[in-house]
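So the chains spell out like this:
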Amino acid sequence: MHSPGVRRTVRRILLSVFLFALLAGVGGFYLLLQERALRQAASEARILLTSALAIREYTTDHILPKLSRLPEEEFHEETVPSYAAQTVFRAVARTYRAYTYREPALNPTSPADLATPFEVELIRRFRADPALDEISGIRATDTDRLFYLSRPIRVTQERCLACHGTPDRAPPAMVAKYGSTAGFGWRMGETVGIQILTVPLTEAMKGSLELVGLLGLGLALVFGVAYVALTLSLDAMVVRPLRALSSAASAASQSSDTRRPLPKSGAGEIRDLAEAIERLRTSLGKALVQLGGRGGSRGASLPGREGG
Ligand code: HEC
């Protein structure tokens, strides 16, 4: 067995470094991008949910007080905080499909606001823990991966009970429109529903996959170029000069022909080595000549020597 040459050793080292860098780089970058996409979605969702809340507050504080001045037989949904917020966000969702906003409740005034099983579960969690004020996560639908952010809707103002308390206290025109069976009987402090907002993740995730692919390609390219450059220069600077040197050195050990040239190319260290061997060869030649001159009878000539 022959121990592996420089070229093979270097190739092995380069390949393992490359594989490690590719895995660590691409994997780490992917995780980083996913994490970033998630953080971005979360902050986007938080801003949007805050604006939904602002619409609710605006309606409660600025529109609702005007309602008391309306005649009994008139009711306008525009004065309802939930209606205002959901209507504005339906308009947003017409342009940005996966951005949705809902205010589902367990006992909703409008049938459209009936909580889905997923939303019921969130409402249950908020009802079970009054200190909990936000739940977020990722949901997959048939077409999209969505980031959702939800906050509880708790009845914190007496004003809400004007319409959600009992049907006889509610504006008659509202009861006429929505009926007297649902959306009533809410109590102060009760968690009646949630605000739930979704933000799409699919695009961001796809984007991060693309970036990771690009990084992988870039790394492979850099490593490919580095590999070719290194092996070529290793060949020119080390492997070939070393081979020439070793054949010259072995030829010198068998012959005193000092005219046989030693390689003058290769890395500095190899040239130094060549010079050292050259000196060694010269002094060996001289020593042998002296030895040969002193006493031929003692058999000073080496085997294979052609005289000197
Ligand atoms: C003027 C009457 C009125 C007042 C005051 C009012 N709401 Fe409503 N609320 C409604 C009506 C009507 C709907 C149904 C709107 C729709 O068609 O989407 C509704 C819907 C909701 C919904 C969505 C679920 C459902 O029942 O359809 C929530 C949650 C809600 N209201 C909470 C509140 C809270 C909290 C307050 C107090 C800040 C409040 N509401 C004040 C009339 C009112």
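Up top you'll find the structure we're talking about.
Nothing here was measured: the structure is a model prediction, and the numbers come from that model. Residue numbering note: each chain is counted from 1, following its sequence as written. In view of the model being predicted, local features appear only for residues whose pLDDT reaches at least 70, and side-chain atom pairs are presented and counted only at 80 or more, with totals across whole chains, interfaces and linings using the full set of residues. Where side-chain values are given, they derive from all heavy atoms of the structure, hydrogens and water being excluded.

1. A look at the site of the ligand
Here is step 1 of the chain: Summary of the distance rule: residues count as near a molecule or strand when at least one heavy atom falls within 4 Å of that molecule or strand. The local shell around the ligand holds 20 residues, among which Thr109, Asp113, Cys160, Cys163 and His164 are the closest.
Here is step 2 of the chain: Two N or O atoms count as a polar contact when they lie within 3.5 Å, although within protein this holds only if one can serve as hydrogen donor and the other as acceptor, and sequence-adjacent residues are included solely when both atoms are side-chain atoms. Between an oxygen atom of the ligand and a main-chain N or O atom of Thr109, the distance comes to 2.6 Å.
Here is step 3 of the chain: Contact between the ligand and His164: a nitrogen atom at 2.8 Å from a side-chain N or O atom of the residue.
Here is step 4 of the chain: Note on conventions: DSSP H or I runs of at least 4 residues are helices, E runs of at least 2 residues are strands, and numbering of each starts at the N terminus. Only helix H1 (6-67), helix H4 (158-164) and helix H5 (172-178) provide two or more residues apiece to the shell around the ligand.
Here is step 5 of the chain: No other element matches the four residues that H4 contributes to the shell around the ligand.

2. Quick word on the coordination of the iron atom of the ligand
Here is step 1 of the chain: Each metal's donors are the N, O and S atoms within 2.8 Å of it, or within 3.2 Å when it is Na, K or Ca, and because water is not part of the set, sites may look incomplete. Exactly one protein atom donates to the iron atom of the ligand; that atom is His164 (NE2), 2.0 Å from the metal.
Here is step 2 of the chain: Relative to the helices and strands, His164 resides in helix H4.

3. Digging into the pattern of salt bridges
Here is step 1 of the chain: Salt bridge, as applied in this entry: a Lys or Arg side-chain nitrogen positioned within 4 Å of an Asp or Glu carboxyl oxygen. Following the criterion strictly, the structure yields eleven salt bridges and no others.
Here is step 2 of the chain: With a shortest N-O distance of 2.3 Å, Arg56 and Glu103 are connected by a salt bridge. Here Arg56, found in helix H1, pairs with Glu103, found in the loop between strand E1 (100-102) and helix H3 (117-128); they are 47 residues apart in sequence, far enough to count as distant.
Here is step 3 of the chain: Classification of residues uses two cut-offs on accessible area relative to the type maximum, computed with a 1.4 Å probe and protein chains only: under 20% is buried, over 50% is exposed, and between them is partly exposed. Arg56 gets classed as buried once you look at its relative accessible area, which sits at 17%.
Here is step 4 of the chain: Two residues, Glu190 and Arg127, come together in a salt bridge whose shortest N-O distance is 3.2 Å.

4. Comments concerning the side chain of Gln86
Here is step 1 of the chain: Structurally, Gln86 is set in helix H2 (residues 81-95).
Here is step 2 of the chain: Contacts were defined at the residue level, with two residues in contact if any of their heavy atoms lie within 4.5 Å. Sequence-distant contacts of Gln86, that is, excluding residues within four places in its chain, are made with Tyr101, Arg102, Glu103 and Asp113.

5. Overview of H3
Here is step 1 of the chain: An expected span of 1.5 Å times one less than the residue number is assigned to each helix. With twelve residues, H3 extends 16 Å from end C-alpha to end C-alpha; this agrees with the ideal 16 Å at 1.5 Å per step.
Here is step 2 of the chain: Every buried residue belonging to H3 is among Glu119, Val120, Leu122, Ile123 and Phe126, and all of these are buried. Taken end-on, H3 shows its buried residues confined to a sector of 160 degrees, consistent with a single buried face. Turned more than 90 degrees away from the buried face of H3, the exposed residues are Pro117, Arg124 and Ala128. As used here, the arc belongs to the directions running from the helix axis to the C-beta atoms.

This is a description of form; function is not addressed.
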